[in-house]
Structures are given as structure tokens and as C-alpha cells.
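These are the residues of each chain, in order.
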Amino acid sequence: MRRLADALYDVALTLWVGGLWTIGYVVAPTLFVALSGDRQTAGMLAGRLFELIGWVGLVCATYLLSFMLLRSGSAVMRRWRFWLLLLMLMLTAVSLFGLQPLLAQLKADALPREVMESVLRNRFAAWHGVSSILYLVQSLLGLLLVTSVGRSGR
């Protein structure tokens, strides 16, 4: 059973961090290039993918943190990997429940125009920038976790 839990830890970390990097730095830019004539559709699809990886992140973080707590008990509080995962979880929650709904609302408020062609353009751009920075930080933290995988780090 312990080997299965260890394997699930590796899978959850790989799925979450791999998904962050794949969606954010491969798929989303490809959508905007492939759909260059229809940025609104590209943005809508990218938004759905960012929402999906947000939910994946919540599930994976819950497992990863639970695994560490059950494995190490209160000693886990002294491990930097635990705090990094907790920070990533908080960034995921802020993005999923705060920034993404805000961006969606700005898009809806701009209708029938595209948000970047409306008076809400500057607000949308500012919040989109905040969202992008948080995503980059989360991606880099995930990279740090993946590249420092020493089995004793769990």
C-alpha cells in the first residue's frame, strides 16, 4: 500500500506541474497563434483550460499535502516542500476563485464588444497581468518541487 501511495504522490505532482507548464506555455500560446483571427475564441478556450488545471491543482494539492501530513505528522511543518505545496495551493485558489471569475465578469460586462475593444480594456489587462504573474510564480514553484524530488523530501 505504501508503494501505491508513493506512486500516487509522484503522479499527482507530475500531473499538476506538468499540466501547468503544458497548458500555460505550450497550449495557450498555440491557441492564440492557430486562432489568430479569432482571439476571443482562443481566449475562451485558454480560460477553460486554465480553469481545468486549477481544479486539477486543487485535487493534486489536497492529495500531496494529505500524503505528507499522514506520512510525517507534525514534523512536516519543518519541511520546505510542505510550505511550497501549501503556497501553490493558495495561489491556485486565488486564481480559480478570485481572478478567473473577475476576468470572466469583465468579459461579460464588455459584451457585445470584445473586452479589449471596450472601456474595460485597462482593468482587464491589469487583472490579466496579475493572473499571469501568479501563474508564473506557481509554475516556477512547481518546477522547484519537481527538480528537487529527493525521495526523502516527501
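Because the structure is predicted, anything quoted here is derived from the model rather than measured. (Residues numbered from 1 in each chain as written. Predicted model: local features only at pLDDT ≥ 70, side-chain atom pairs only at ≥ 80, totals over all residues. Heavy atoms only, no water.)

Here the structure, examined in full by the defined rule, presents one salt bridge. For the salt bridge of Asp6 with Arg71, the shortest nitrogen-to-oxygen distance reads 2.9 Å. Taken together, the residues span a long stretch of sequence, with Asp6 in helix H1 (residues 2-34) and Arg71 in helix H2 (residues 39-72) at a distance of 65 residues. Taking the relative accessible area as the measure of exposure, Arg71 reaches 29% and is therefore partly exposed. (Salt bridge = Lys/Arg side-chain N within 4 Å of Asp/Glu carboxyl O. Helix = DSSP H or I, 4+ residues; strand = E, 2+ residues; numbered from the N terminus. Buried < 20%, exposed > 50% of the residue type's maximum accessible area, 1.4 Å probe, protein only.)

Structurally, Ser131 is set in helix H4 (residues 121-147). Every residue in contact with Ser131, bar those within four places of it in the chain, is listed here: Ser95, Leu99 and Leu103. (Contact = heavy atoms within 4.5 Å.)

This next bit is on the packing of helix H3 (residues 80-110) against H4. Relative orientation of the contacting elements H3 and H4 amounts to 160°, with a least axis distance of 10 Å. Looking at the two axes, H3 sits roughly antiparallel to H4. The handedness of the crossing between H3 and H4 is left-handed. (Axes fitted to C-alpha atoms, helices over the stretch in contact; angles between N-to-C directions. Parallel < 35°, antiparallel > 145°, perpendicular 65-115°, else oblique. Left-handed = near helix turned anticlockwise from the far one by under 90°.)

Here Gln40 shows up in helix H2. Spatially, the C-alpha atom of Gln40 lies 9.8 Å from that of Lys107, the residues being 67 residues apart in sequence. For Gln40, the contacting residues outside a window of four places in its chain are Leu111 and Glu114.

On to the nonpolar core, then. Judged by nonpolar contacts, the single largest core of 27 residues is most densely connected at Tyr9, Trp16, Leu64, Met68, Leu85 and Met88. When residues of this core are traced back to their parent elements, those giving at least two are H1, H2, H3 and H4. Counting six residues, the second-largest nonpolar core is a separate cluster that includes Leu103, Leu106, Val115 and Phe124. (Core = buried A, V, L, I, M, F, W, Y, C linked by side-chain atoms within 4.5 Å.)

Now for the UniProt feature "transmembrane region" (unreviewed entry) in the protein. Using the residue numbers shown here, the UniProt feature "transmembrane region" (unreviewed entry) corresponds to residues 7-32, 52-70, 82-104 and 124-146. Taken end to end, residues 52-70 comprises 100% helix and 0% strand; its first and last C-alpha atoms sit 27 Å apart. (UniProt positions renumbered as here; feature names shortened; annotations may be inferred.)

Roughly 1,100 Å³ of volume is contained in the largest pocket. What lines the largest pocket is a set of 33 residues, among which Gly43, Gly47, Lys107, Phe124 and His128 lie closest to the centre. Among the elements of the structure, H1, H2, H3 and H4 are those that each provide at least two residues to the lining of the largest pocket. Counting residues per element, the lining of the largest pocket draws most heavily on H2, at nine residues. The residue inventory of the lining of the largest pocket, partitioned by class, reads 18 nonpolar, nine polar and six charged. (1 Å grid on protein atoms, 1.4 Å probe; cavity = no way out; pocket = protein on both sides within 12 Å on 5 of 7 lines; lining within 4 Å. Points joined across faces, edges and corners; volume = space filled by probe spheres on them. Nonpolar A, V, L, I, M, F, W, Y, C, P; charged D, E, K, R; others polar.)

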